[in-house]
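Listed below, chain by chain, are the residues.
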Amino acid sequence: MLQRLEKLLAGARDGEGRAVLVRGEAGIGKTSAVRAFIDSIDEDAHILWGGCDDLVTARPFGPVWDMVLDEPSLEDVLRGPDRHEVFAAVLDLMGRSLRPTVVVIEDIHWADEATLDLVKFIGRRIDRTHGLLVLTYRDGQVPDDRPLRVALADVPASALERIALEPLSAAAVSELATVAGETPEGLWETTGGNPFFVTEVLGGQRDVVPGSVRDAVVGRVALLTASGRALVDLVSVVPSRAELALVEAVLGPSEDAIAEGEAAGVLELRDDALSFRHELARRAVEADLPEIRRRELNLAVLGAIERLGYNTSRAAHHARVGGDIDALVRLAPLAARRAADMESHRESVGHLRALEPYLDRLDEEARADHYDLWAYEEYLGDEVGWAEELIDIAIALRRRLGDPAKLGNSLLMGSRIAWVRNRRASSVEMANEAASVLESVGGEDLAFAYSTISQLAMLAAEEERAIWYGEKALAVAGDGPSHSRAHALNNIGTAKMLARYPEGMEDVEASFQMSQEMGYSHDEIRAGVNIAWTAATYRDLPTAELWAERAHELSVQREMPSFDSYALGVLALIEEMRGQWDDAEAKTCYVLENLAEFGTSNLVSTTLLGRLQARRGEPDAKRRLLDGWERALHANEIQRTGPTAIALSEYVWIGGKLDPTIFPRLREVLVDCIERDSPWVGGELGFWLHLIGQIDELPAIAPEPYRLSVAGDWEGAAAFWEMREIPYDRAIALSFGPDRARLEALAILDDLGAGAVAARLRADLIEAGVGGVPRGPTRATRENAFGLTPRQMEVLGHLAKGLTNAEIADLLFVSTRTVDHHVSAILDKMGASSRSEAVVAGNDAGLWDR
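Residues numbered from 1 in each chain as written. Predicted model: local features only at pLDDT ≥ 70, side-chain atom pairs only at ≥ 80, totals over all residues. Heavy atoms only, no water.

Caption draft 1: Expanded view of the pattern of salt bridges. A full pass over the atoms with the stated rule returns 62 salt bridges. A salt bridge links R346 to E113; its shortest N-O distance comes to 3.8 Å. With R346 in helix α19 (residues 345-354) and E113 in helix α6 (residues 113-123), this pair connects stretches of sequence that are 233 residues apart. With a relative accessible area of 12%, E113 lands in the buried category. (Salt bridge = Lys/Arg side-chain N within 4 Å of Asp/Glu carboxyl O. Helix = DSSP H or I, 4+ residues; strand = E, 2+ residues; numbered from the N terminus. Buried < 20%, exposed > 50% of the residue type's maximum accessible area, 1.4 Å probe, protein only.)

Shown next, in the form of structure tokens:
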């Protein structure tokens, strides 16, 4: 391991920085190995060391705060309002070329969201720095390590090294026992070769091997003097490290006790802070404390932390564990607000939820503030249904309190949540009430209410209303930069783009820039998503891809999964248009598996996956398309109803059967598109409805390629799609041409895997007596019971070999995130709930016997 780290450090000196994940079970020696590496480094390297704490709710940027001792310049940005300044400061340190910088973050499995975002930010850029980012991770430590896996998935495989530490062999344990003068009998079996367990047992001064390592640790501590034991007990209730100032504030001068703890091999002093040699030892001592003693120590630490002015999150942790409810009620809201300001939304929610049993101790005003923040933080996470309940409580409290400004803002939050929950009528109603309430307030609040109404109109393709309310918002907001101005520019520009792309894009780009400069992440990402969606709708795929990638990166970085479901949906749509159907399917399945809470925004993925399934002839297509249709009708917006109506019409053309009562509603959607001037959505819907005999003429708003196809100019239509590099639509255009063109269309459809569409065309060609019609897919492909594509079969094969997603990504030369997407698609198709279940199902079906 040391040689690998030394080699990576040499590369960092030359400007080829790397991230390193050192992983293994608790006690395996991760910290010792990293410290040995650090101790071996020449003095010209800059070392920054921090650790993540096992707090009830983690403190934002916990490990970076630890680094302040070695790099005081970090304190200013940590205390500032913009966490991106922290990102930039750490990246700057790692980019300096005079000497390499080694950043060590221990116990990354306990990291807060801000720290994980820092890892993502640095990891994506580290290969261009002079830095080494060393992360230690404890296997099996947390029940849900998905946030960490997502963070690491963003680090390019070429920039991330993984080092797994293994237990000691039986021979090595025997040798250690012999050197220590102890009998090796049963030692390896008891410890499993875990180095920490071995050393604790050997140091336990017992004639026999104790039944547990906890016994060994507690036994060693029992030999300390009263003052030494008091110190060890105190340090045991402080996760990670206890500063000397904190120890002295609780126990007074403790030099002799510190020396005793170090001599006994229980504690170690580093950088003016005490910690156990291993977290397992701390937990063993803490667990041995009587409950009343544990509470007493936590309350003593709480008092010291408050007197010393330490982190509020730490204070809230000790208040909670110590059972001081009054302190928790006082501190948790402050810690939640601070975490929210640093965009550590998971930590903010943790503090807010901790107060739930004690909310009756807050007055109504504070309780309303609490529910407002809580609803917003849950909304930004993945608990939108819960957020809706919380904002309803906040609105009820605001109505009783009678403050129009605060009631208006709660209503606006409620409107936003209702829209995400696919409740458009409620969303519009709350936005209108908010504007009415805020008329007496004026200013920024009223401007934002007008802009919210504009946004809802834009989403329904009501261009005139969207622009009217958007300009009304701008008039109230004034000329200077403001949140409402950025929001309104986005709505006005998008409304114009939807009708006459690219007109209006400059307004949305201005909104993006203003939101970015003012730190309004929500509106910054919304602007990117709006440009991406509209550009994709108009088949401007390069522009769509640019903005969708940008929105996806920002969504992940800012922990906003609702926007990420949109961005990934648009990226999948682009891949579908380009003929990259496996990748498109993988992304849609990933969204539906991991971001299912966002009913409105994940409708893009639902509809797209249904279309792909219909083209391939998969039996689940009808169910999925009808599910999307029902949800789209509930949303009642053209950007929802239009694509689902298109998908259903195409499904019927391919050969699917629908209840005849659906067709009048499909035609109504077309009328909506015509009346609201939505050319591409209306044009494509009109094209498919024309093909299935539901309308006689194509609507006048239809774009060129659809008009050419219907007019019989198959060659012109095919040329249009070829120029845009959209093969499926080109194949459909060719299928209306002469035999040679239809045969070319068949080849394209077979290559795409559009089995149902190809079968339809193949049957027509054979019936017409056309010669040289190629056979369909191979027997093995047809008999694949789960409908897995070749790429999915390849990934499943690697899963069967026990490879991780990261290892599969290295083999396939793709990102770990892409493999995550493929695994989601495999699980969806196989109806499996886990990777192992999918492998078993594949074995049972004999997939590898073909």
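Caption draft 2: Inspection of the pairing of strand β8 (residues 273-276) at higher detail. Here β8 shows no split at all, with A273 and S275 on one side and L274 and F276 on the other all buried. Both strand β6 (residues 242-243) and β8 contribute to a ladder of two bridges, which runs antiparallel. From the neighbouring strand, E243 faces β8, where its bridge partner is A273. Relative to β8, strand β7 (residues 267-270) runs antiparallel, the two being bridged by four bridges. Note on β8: the bridge partner recorded for E268 is S275. Between β7 and β8, which pair antiparallel and follow one another directly, the connecting turn spans two residues, one of which, D271, has a positive phi of 50°. (Pairing = 2+ DSSP bridges.)

Caption draft 3: Main features of the sheet that holds strand β4 (residues 131-138). Read across the open sheet, the five strands follow the order β2-β3-β4-β1-β5; overall the sheet is parallel. Of all the strands in the sheet, the pair left with one neighbour each is β2 (46-51) and β5 (160-164). Between one strand axis and the next, the sheet turns by 15° as a mean value, whatever way the strands run. Sheet topology note: the strand β1 (residues 18-24)/β4 ladder contains seven bridges and is parallel. If you follow R18 over to β4, its bridge partner there is L132. (Axes fitted to C-alpha atoms, helices over the stretch in contact; angles between N-to-C directions.)

Caption draft 4: Examining the environment of R416 more closely. Within the secondary structure, R416 is located in helix α22 (residues 404-420). Separated by eleven residues in sequence, R416 and S427 have C-alpha atoms that sit 6.6 Å apart.

Caption draft 5: Expanded view of the sheet that holds β6. If you walk across this open sheet you meet the three strands as β6-β8-β7, and the pairing is antiparallel. If you trace the sheet from one side to the other, it starts and ends with β6 and β7, each paired once. Helix α12 (residues 226-236) contacts β6, β7 and β8 of the sheet and is inclined by roughly 85° relative to β8. (Contact = heavy atoms within 4.5 Å.)

Caption draft 6: Just the packing of helix α28 (residues 521-537) against helix α29 (residues 541-557), in detail. Orientation of α28 relative to α29, taken along the N-to-C sense of each, is 150°, at an axis distance of 8 Å. One element, α28, and the other, α29, form an angle in the roughly antiparallel class. Where α28 crosses over α29, the two elements pack in a sense that is left-handed. Along the contact surface, α28 presents E524, I525, G528, V529, I531, A532, A535 and A536, while α29 presents T543, A544, W547, A548, A551, L554 and S555. For the contact of α28 with α29, a count of residues per class yields eleven nonpolar, three polar and one charged. (Parallel < 35°, antiparallel > 145°, perpendicular 65-115°, else oblique. Left-handed = near helix turned anticlockwise from the far one by under 90°. Nonpolar A, V, L, I, M, F, W, Y, C, P; charged D, E, K, R; others polar.)

Such coordinate-based values are descriptive only and should not be taken to indicate function.
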